[in-house]
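# Structure at a glance
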Amino acid sequence: MAKAETKILFLAGSTDLNIEVLYCLYPVFRNIHVVANHNDSVIKYSRYRKKFDFIHWSLIKGDQVKSVAELQEYCRRHEIEVILPGDISASGFMHKYKDAFADQKIFPTMSADELEKIDNKWLFGQELMEAGLSTPKTILIEDVEDIRDDRKQEIEEKIGFPLIVKPLFGEASHGIEKINSFEGLKLYSENKLCDDTLPVLLQTYIDGYDVGYSVLAENGEVKTKAVQLVESEDVLEYCRHEGIEALGEKIVRLINYSGPANFDMRIDYHTGEIYVIECNPRFWFTITSAMWQGLNFPEAAVNYAAGSDYKKTGAEGIILAPGLAIRNLLRKPWNYFSNSKSQRGSIWQPLRDPIPHLVKYFRS
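Structure report, in brief.

Parameters and conventions
- Residues numbered from 1 in each chain as written.
- Predicted model: local features only at pLDDT ≥ 70, side-chain atom pairs only at ≥ 80, totals over all residues.
- Heavy atoms only, no water.
- Patch = residues over 30% accessible without salt bridge, like charges linked within 9 Å, V, L, I, M, F, W, Y side chains within 5 Å.
- Areas by Shrake-Rupley, 256 points an atom, 1.4 Å probe, with all protein chains shown as cover.
- Salt bridge = Lys/Arg side-chain N within 4 Å of Asp/Glu carboxyl O.
- Lys, Arg positive; Asp, Glu negative; His and termini not counted.
- Charge placed at Lys NZ, Arg CZ, Asp CG, Glu CD.
- Helix = DSSP H or I, 4+ residues; strand = E, 2+ residues; numbered from the N terminus.
- Pairing = 2+ DSSP bridges.
- Axes fitted to C-alpha atoms, helices over the stretch in contact; angles between N-to-C directions.
- Contact = heavy atoms within 4.5 Å.
- 1 Å grid on protein atoms, 1.4 Å probe; cavity = no way out; pocket = protein on both sides within 12 Å on 5 of 7 lines; lining within 4 Å.
- Points joined across faces, edges and corners; volume = space filled by probe spheres on them.
- Nonpolar A, V, L, I, M, F, W, Y, C, P; charged D, E, K, R; others polar.
- Disulfide = S-S within 2.5 Å.
- Buried < 20%, exposed > 50% of the residue type's maximum accessible area, 1.4 Å probe, protein only.
- Phe/Tyr/Trp six-rings, centres within 6.5 Å; stacked < 30°, edge-to-face > 60°.
- Lys NZ or Arg CZ within 6 Å of the ring centre and 35° of its normal.

Below, the discussion takes up a negative patch on the surface. Taken together, the side chains of Glu142, Asp143, Glu145, Asp195 and Asp196 present a region of like negative charge at the surface. Here Asp143 lies in the loop between β6 (138–141) and α6 (152–158).

What follows is the structure in structure tokens.
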């Protein structure tokens with residue numbers, strides 16, 4: 001196992017997500033160097049990182065030769081041993097320039113183009129359908145005129161109502177709406193669709209419940225995995241599920257995936273069929289809940305990159321999101337010790353690191 005003193009460079013892009021990953025790294029490692037792509041990232045206010053620095057490593061903007069040189073110098077100066085990309089942009093960057101960091105261990109990555117195709121809900125769904133894997137029927141809407149009266153029959157026959165409208169990219173259910181009729185769809189298109197919001201997907205609504213399949217993988221082979229049942233927005237249950245795990249492993253092989261990923265799925269109440277909704281080719285927002293229930297994915301990623309032993313399964317049991325657990329505690333503080341040790345840990349972790357959350361709150 002990698003030691004607590006292992007010097008880790010955490011390449012952070014997405015602030016909200018990377019805070020959660022940092023919260024998984026800190027209980028295990030004490031030398032966490034955060035290099036962010038944004039100078040105003042709230043992660044720099046966290047007490048859980050050893051150092052914070054800003055280097056403009058984006059693949060979109062900036063002088064990449066200069067950025068790579070600055071990162072190389074940072075790694076040399078601080079004797080960095082392992083580099084962990086924190087999100088899609090960081091993974092794409094490290095994949096492109098990994099040969100420049102031969103002295104550091106890097107968790108497996110994919111190219112930015114490959115990650116974008118997987119992150120694109122339309123392209124990912126098309127690949128699943130071509131492979132005969134179960135995914136909701138979907139129509140791509142590229143223009144407001146695509147939702148017109150002469151397409152009513154087509155939409156009703158292929159997708160049906162209610163249906164889901166969602167953007168091609170996005171996270172945490174942003175931009176997703178359930179619509180119950182063609183008239184409601186027309187009203188939605190008139191009020192909310194424009195050049196800035198298009199294209200969108202129309203997708204069959206599956207009357208069921210959400211599940212998630214989370215992995216670390218390399219070259220299409222699952223290294224670490226967990227299944228989470230979403231009992232509500234704030235309640236997760238971790239368990240083993242042969243059907244979900246088998247389907248998830250098929251997809252990982254199909255797309256020859258490398259890196260961390262979370263697959264959103266849905267199980268039909270009536271048939272029990274498992275539908276694959278989308279893939280988040282990065283770490284995910286509920287990652288701390290898996291840690292508290294026995295499987296720390298960022299720790300496993302560091303150990304795997306370092307060539308050390310790592311945990312392959314282990315998340316099990318029900319856990320509340322910290323926000324709900326804190327609200328419950330404020331209402332009934334006398335129930336504190338009736339919570340499990342892991343649940344109490346999930347409550348105190350953000351409370352011991354309040355400044356990033358306060359900064360984010362006041363900025364918003």
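This is not the end of the story, as more comes after the structure.
Before going further, it helps to examine the sheet that holds β6. To summarise the sheet geometry, strands pair through backbone hydrogen bonds and adopt either a parallel or an antiparallel arrangement. Taking strand neighbours across the sheet as the criterion, the four strands line up as β6-β9-β7-β8 in an open arrangement whose pairing is antiparallel. A strand with exactly one partner marks an edge of an open sheet, and here the two such strands are β6 and β8 (177–179). In this sheet, adjacent strand axes meet at a mean angle of 25 degrees when their direction is disregarded. When β6 meets strand β9 (residues 200–204), the two strands line up antiparallel, connected through four bridges. Residue pairing across strands places Ile139 opposite Leu202, the latter belonging to β9. Lying over the sheet, helix α5 (residues 121–130) contacts β6, β7 (163–167) and β9, oriented at roughly 145 degrees with respect to β6.

Right, let's talk about a nonpolar patch on the surface for a bit. There is a patch of nonpolar side chains on the surface, built from Leu358, Tyr361 and Phe362 and spanning about 410 Å² of accessible area. Counting through the fold element by element, Tyr361 comes out in helix α13 (residues 354–363).

Turning to the sheet that holds strand β4 (residues 82–85), a few remarks are in order. Spatial ordering of the open sheet is given by β3-β2-β1-β4-β5, a layout of five strands whose pairing is parallel. The open sheet has two free edges, formed respectively by β3 (51–54) and β5 (105–106), since each of these has just one partner strand. In the packing of helix α10 (residues 297–305) onto the sheet, the strands contacted are β1 (7–12), β4 and β5, and the crossing angle to β4 comes to about 135 degrees.

As a further point, take the environment of Phe52. Relative to the helices and strands, Phe52 is located in strand β3. C-alpha of Phe52 to C-alpha of Asp113: the two residues are 61 residues apart in sequence and 28 Å apart in space. The residues contacting Phe52, other than those within four sequence positions of it, are Val34, Ala36, His38, Asn39, Ser41, Ile43 and Lys44.

It is worth spelling out empty space enclosed by the protein at this point. Using the criterion set out here, one finds two cavities of 30 Å³ or more in the structure. Secondary structure elements with two or more residues in the lining of the largest cavity: β4 and β13 (259–268). When the residues that make up the lining of the largest cavity are grouped by side-chain class, the tally is ten nonpolar, four polar and no charged. In this structure, the second largest cavity encloses a volume near 40 Å³. Together, Lys121, Trp122, Gly125, Gln126, Met129, Thr135, Thr138, Leu201, Gln203 and Ile277 line the second largest cavity. Of all the elements in the fold, those that place two or more residues in the lining of the second largest cavity are α5 and β9. For the lining of the second largest cavity, the element with the highest residue contribution is α5, accounting for five residues. Here the residues of the lining of the second largest cavity are counted per class, giving four nonpolar, five polar and one charged.

Enumeration according to the criterion identifies zero disulfides in this entry. Cys279 provides the cysteine sulfur closest to Cys24, a residue in no disulfide bond, and the two sulfurs are 18 Å apart. Taking the relative accessible area as the measure of exposure, Cys24 reaches 0% and is therefore buried. In this model Cys239 remains outside any disulfide bridge; the closest cysteine sulfur is found in Cys24, 19 Å from its own. A relative accessible area of 17% means that Cys239 is categorised as buried.

Bringing the packing of aromatic side chains into the picture now. Counted according to the given criterion, the structure contains 13 aromatic pairs. Ring centres of Phe107 and Tyr304 lie 5.8 Å apart, and the angle between their planes is 65 degrees; on these two criteria the pair is classed as edge-to-face. Here Phe107, found in the loop between β5 and α4 (112–119), pairs with Tyr304, found in helix α10; they are 197 residues apart in sequence, far enough to count as distant. Owing to a relative accessible area of 3%, Phe107 belongs among the buried residues under this scheme. Relative to Trp284, the ring of Phe283 lies with its centre 6.1 Å away and its plane at 45 degrees, an arrangement referred to as tilted. You'll find Phe283 and Trp284 in the same group, each marked buried. Each member of the aromatic cluster is reached from another via a ring pair, and the members are Tyr23, Tyr26 and Tyr48. Of note, Arg30 hangs over the ring of Tyr26, and the distance from its end group to the ring centre comes to 4.4 Å.

Spatial relationships are all this shows, so hold off on functional conclusions.
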